[in-house]
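# Report on the structure
Read off the chains here:
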Amino acid sequence: MKVYLSVDMEGVTGLTDPEEMHAGGRGYERGCELMTGDANAAIEGAFEAGASSVLVNDAHGSTKKLRIDLIDPRATLIRGPGKPQRMAHGLDPSFQAACFVGYHARAGVQHGVLNHTWMGKEIQNVYLNGEVCGETRLVAACAGFHGVPVVLVAGDEAVGEEARELLGDVETVAVKKGIDKFSAELLPPSVAQARIREATSRALDRLTDFTPYSLAPPYTLGVEWNSTAIAAGCSLIPGVKSVGPRHIEFSTDDFSQIMALFGLFSTIGGQIACGSGPYG
């Protein structure tokens, strides 16, 4: 049984402050350790349930957050920027299950800790086949494209609600309960990580209960930006069309193109937002 583990950071145990997720910020090193601890809890649960291998993908920001020196030695880690499939890199049809750890609610969700979709300030909303879409739905759809079911989502309470609404009887773990975007009621790491381990093992023990989250092609990605300049810049990419002053769309039968496109969007959006792009 091969298990794929995508690990984001905003939904990690104990974290509520953006500084804890950016190099040089207050509490950053501890944040990376807590992220690694949550990942290890899922890895341990997977092997308890009989996994033959676990592939971990560092899925946050520059994707250099997970501590390779602290990762469970039974797993392997994909780390570093430039990964074509971003949050789903390494995922393919050879896996029997996918687990998401450290995930967070989509942009605009009340009580969602550090809620956003893909980019924290530049994106207002993301849509997939016309329906609002967070990162959980986006990566679950990629997994479904490969025929792989998502069996676990761990993060804040709000993302658990989002995951169950989307995926049905998926195992979820709430490591914190949002008060506002930057505040939450937290579980201690020892408690939260024990729950992640137990839920991962439980999910894989009932693997036959899960089916992949699948959408019928063509897949249409819509992005509503906070800036007309970013929308205009992204619409220059071949195949991307403008459907409004701040809204762009892209359609394809290959979901891997959706994931890859977000990498280009992030580069363009980041450059224009910081004033160093052609619209700066």
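Below: a short report on this structure. Keep in mind it's a predicted model, so treat the numbers as computed, not measured. (Residues numbered from 1 in each chain as written. Predicted model: local features only at pLDDT ≥ 70, side-chain atom pairs only at ≥ 80, totals over all residues. Heavy atoms only, no water.)

Before going further, it helps to spend a moment on the side chain of T200. Structurally, T200 is set in helix α4 (residues 189-205). Owing to a relative accessible area of 1%, T200 belongs among the buried residues under this scheme. In this structure, T200 is in contact with A42, G45, A46, C99 and L152, ignoring residues within four places of it in sequence. (Helix = DSSP H or I, 4+ residues; strand = E, 2+ residues; numbered from the N terminus. Buried < 20%, exposed > 50% of the residue type's maximum accessible area, 1.4 Å probe, protein only. Contact = heavy atoms within 4.5 Å.)

A few words now on the nonpolar core. Residues W225, F255, F262 and F265 are the most contacted members of the largest nonpolar core, which totals 49 residues. Looking at this core element by element, the count peaks at seven residues for helix α6 (residues 255-273). W225 has contacts with M119, E122, I123, Q124, I230, A231, C234, R246, I248 and F265, leaving out every residue within four places of it along the chain. Formed by 42 residues, the second largest nonpolar core is a distinct cluster that contains V3, M9, V101 and A192. (Core = buried A, V, L, I, M, F, W, Y, C linked by side-chain atoms within 4.5 Å.)

With that settled, the discussion passes to the sheet that holds strand β10 (residues 219-225). In spatial order, the strands read β6-β5-β10-β12-β11; together these five strands make up an open sheet with antiparallel pairing. The sheet is open, and its two borders are formed by β6 (131-132) and β11 (241-244), each paired with just one other strand. As defined by bridge partners, β11 adjoins strand β12 (residues 247-252) across three bridges and the pair is classed as antiparallel. Counterpart to S242 in the pairing with β12 is I248. (Pairing = 2+ DSSP bridges.)

Right, let's talk about the pairing of strand β7 (residues 150-156) for a bit. Most of β7 is tucked away: seven of the seven residues are buried. As defined by bridge partners, strand β4 (residues 97-103) adjoins β7 across five bridges and the pair is classed as parallel. Each residue of the ladder has a partner; that of Y103, found in β7, is G155. For β7 and strand β8 (residues 171-180), the ladder comprises five bridges, and the chain directions are parallel. Paired with D156 across the bridge in β8 is K176. For the handedness criterion, the β-α-β arrangement of β7, helix α3 (residues 157-167) and β8 is classed as right-handed. (Right-handed = clockwise from strand over helix to strand, strands pointing away.)

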